[in-house]
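What the coordinates show
Okay, here's what each chain looks like letter by letter:
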There are 2 protein chains.
Amino acid sequence: MIDAAALDANLRTMAAALPGARLRPHVKAHKCTALARRQAALGNRAFTCATIREVEGLVAAGLGDDVLLANEVLDARRLGKLDARVTVAVDSDATIDAAAAGGVRDVLIDLNVGLPRCGCDPSDAARLADLARKRGLTVRGVMGYEGHAMLLPDRNARASLVAVAGEQLVAAHAAVGGDVVSTGGTGTFDLHTAATEIQAGSYALMDTAYAKLGLPFAEALSIVGTVVSTSTAGYAVADVGLKALGMDHGNSAVFPLHAESRDGAQVWFFSDEHVTFAPEKPVRVGERVRVRPAHVDPTMAYHERAYVADGERVVDTWLIDLRGW
Amino acid sequence: MIDAAALDANLRTMAAALPGARLRPHVKAHKCTALARRQAALGNRAFTCATIREVEGLVAAGLGDDVLLANEVLDARRLGKLDARVTVAVDSDATIDAAAAGGVRDVLIDLNVGLPRCGCDPSDAARLADLARKRGLTVRGVMGYEGHAMLLPDRNARASLVAVAGEQLVAAHAAVGGDVVSTGGTGTFDLHTAATEIQAGSYALMDTAYAKLGLPFAEALSIVGTVVSTSTAGYAVADVGLKALGMDHGNSAVFPLHAESRDGAQVWFFSDEHVTFAPEKPVRVGERVRVRPAHVDPTMAYHERAYVADGERVVDTWLIDLRGW
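Residues numbered from 1 in each chain as written. Chains lettered and ligands numbered in written order. Predicted model: local features only at pLDDT ≥ 70, side-chain atom pairs only at ≥ 80, totals over all residues.

**What to know about the overall build of chain A**
To keep it simple, the criterion reads: Numbering of helices and strands starts at the N terminus; helices are DSSP runs of H or I of at least 4 residues and strands are runs of E of at least 2. C-alpha atoms define the radius of gyration in this analysis, and the globule rule sets the expected value at 2.2 Å times the number of residues to the power 0.38. A residue is called partly exposed when the number of other C-beta atoms within 10 Å of its own lies between 12 and 20, exposed at 12 or fewer, and buried at 20 or more, with C-beta atoms placed from the backbone. We call two residues in contact when the distance between their C-beta atoms, placed using the backbone, is within 7 Å.
Along chain A, the regular secondary structure elements total 9 helices and 16 strands. Its C-alpha atoms give chain A a radius of gyration of 21 Å, within 12% of the compact-globule value 20 Å for 325 residues. By principal-axis analysis of the C-alpha atoms, chain A measures approximately 70 × 40 × 35 Å. Within chain A, buried positions represent 57% of all 325 residues. Contacts spanning at least 24 positions in sequence make up 60% of the contacts within chain A whose residues lie at least 6 apart.

**Remarks on the relation of the copies chain A and chain B**
For clarity, the threshold we go by: When the copies are superposed, the least-squares fit draws on C-alpha atoms of residues that have pLDDT of at least 70 in both.
If you rotate chain A by 180 degrees and push it 0.0 Å along the axis, it lands on chain B with an RMSD of 0.0 Å. With respect to symmetry, the two chain copies, as superposed, fit the operation of a two-fold axis. Both copies share a contact surface, since 100% of the interface residues of chain A are interface residues in chain B too.

**Some thoughts on the sheet that holds strand 3 (residues 67-69) of chain A**
Hydrogen bonds along the backbone pair up the strands of a sheet, which may run parallel or antiparallel. Residues and elements named next belong to chain A. Basically, it comes down to this: In this analysis, strands are considered paired if DSSP registers two or more bridges between them.
On the basis of which strands lie adjacent, the open sheet formed by 7 strands has the order 2-3-4-5-6-7-8 and parallel pairing. At either margin of the open sheet sits one strand with a lone partner, and together these are strand 2 (47-49) and strand 8 (197-198). With 3 bridges connecting them, strand 3 and strand 4 (residues 86-90) associate as parallel partners. From the neighbouring strand, Val67 faces strand 4, where its bridge partner is Val86.

**Notes on the environment of Asp93 of chain A**
Inspection of the secondary structure assignment puts Asp93 of chain A in helix 5 (residues 93-102). Measuring from C-alpha to C-alpha, the distance between Asp93 of chain A and Leu213 of chain A comes to 38 Å, with 120 residues separating the pair along the chain.

**Thoughts on the nonpolar core**
Here is the rule we go by: By convention the nonpolar core is taken to be a set of buried residues drawn from Ala, Val, Leu, Ile, Met, Phe, Trp, Tyr and Cys and joined through C-beta atoms within 7 Å.
Membership of the largest hydrophobic core comes to 211 residues, with the highest contact counts inside it found for Leu69, Val88 and Ile109 of chain A together with Leu69, Val88 and Ile109 of chain B. When near neighbours in sequence (up to four residues on either side) are disregarded, Ile109 of chain B contacts Val90, Cys120, Ala125, Leu128, Ala129, Val139, Val142, Ala172 and Val176 of chain B.

**A short note on the pairing of strand 6 (residues 138-144) of chain B**
Residues and elements named next belong to chain B. The cut-off we apply is this: Crossover handedness is defined here as right-handed if the route from the first strand over the helix to the second strand goes clockwise, with the strands pointing away from the viewer.
Burial analysis of strand 6 places 6 of its 7 residues in the buried class, which makes it a mostly covered element. With 6 bridges joining them, strand 5 (residues 106-111) and strand 6 adopt parallel strand pairing. When the bridges of strand 6 are listed, Asp106 appears paired with Thr138. With helix 6 (residues 125-134) bridging strand 5 and its parallel neighbour strand 6, the resulting β-α-β unit is right-handed. Sheet topology note: the strand 6/strand 7 (residues 180-183) ladder contains 4 bridges and is parallel. When the bridges of strand 7 are listed, Gly141 appears paired with Val180.

Below is the structure:
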């Protein structure tokens, strides 16, 4: 269930802070073209994707003005077939060759700016840009994702790592050329000074992990479940389990459906189909609860559809149509 | 990717140990009617489900001889509409009322046998059975899931908890009546003496958690990925992430596609779309890897289809068609 008012406020706050092409919303966090349309309607029409399926889905939905696959692929043929401006991240000879062979025209040189994941050593960026141009590709600039900074609770700590990443991006950009410096995420959206665009996604729906950072975005997503069993031993069981939630950021939080409190119940454990929790006040079988996910991205990837609600009234149903690969 | 030979051996081993109605395969572990058909073809034709969608899907696939929803529901109307023998677990007045109101005819009284989740206090089983009969329901017997025993590494420790659960099931069965005592899982499939049927599911595809127990079942499931980036710092990155794997049982294991070794690479971390790992031998960009999941159930729930392979040759594609709710 998506709280329509919270989502709208999140999208407007971000669009005001990063208007137009200054924000390149990352659809991996919601996987929903209906939500992407809301982002586009507020002016943020250039998108970031993590999978080929997400790129294809955005283009099919008419949202293909300028789509970046911020991820490396070894087979770019599905991207090359699309009638849209598609840019792909490259960080090696092999990914450059794959982009050229697949018929993609635009690339960004992806830098490792401190997170041990994709991205070339910044000192290799100029060589890769030259190679890409030799292969006939347009090098639009550089990108780098400082994921190691994203969820640090201290804003100053995030800012320090962003500054280091920013220096690397600026230096590589000078060597690579092009007009794009793409970086960042929800936790660092207002900390970058050198970026031309920010790749934030979680800000739209948020989760309990990002909620701890004191950002100007509210949790808009709940999984609504039902209490299916109670015990005199002080616990209750609701039908929201591991197959409904991303679990890598720790336990999600369980609340009564109408709770104003932000404290939630004490979660004992999640299993495949259930959460066992100790409610603050006794609950009865049949009562509804809301579970706020700890990690929005893998949570959305489990669900077929989202119900958009004004209070408790469902006003829209959105397919989560960018799932899969 | 499902290894056809390993799956076949797992299904045959279990069907020999628990023939016909002695096994009630749990489809929650694979969510795939094509795989359920294999189980039925070996004689295990009565199934266990965790969701209403799983029951509906089995019935639509012609596998509705005798389907148990081993879970509590507060709205049974979709179950009552099915033209099949559907039994539902009940553990409270409210779930009995829901079964009767929804048009379900058969129930099992679900006992708490030590896992703090669903199931009534065993001392309440006779009263609930009487209530169910007053509501016009047929009480087929009792069930109870000893999930707290399932993954204990020591077989004797599992056997001790199974013995305690078994005593509770036998006592409640004497008070409740009916001819079904349904319990157990893959970790305890050969430890029950009082059960009429065992609800095992993970044995078919297995995972790294169950593989530690020394059971006569082999890991048949891999997520096949591609190395998309490498680093001179000793790590590599493949495109298998949190959205492709259940993560609650710890990190899954990464292997070269053709590895005979069971040691695997050292996993640094999984993120939404990637695994960062330290390969034993250097790997190159474009090389395939196989990731063995730590928890089969939430892994299958992320994927649209499985490729059944004889060695590396794909011989069939199965839809994972029982996902969702």
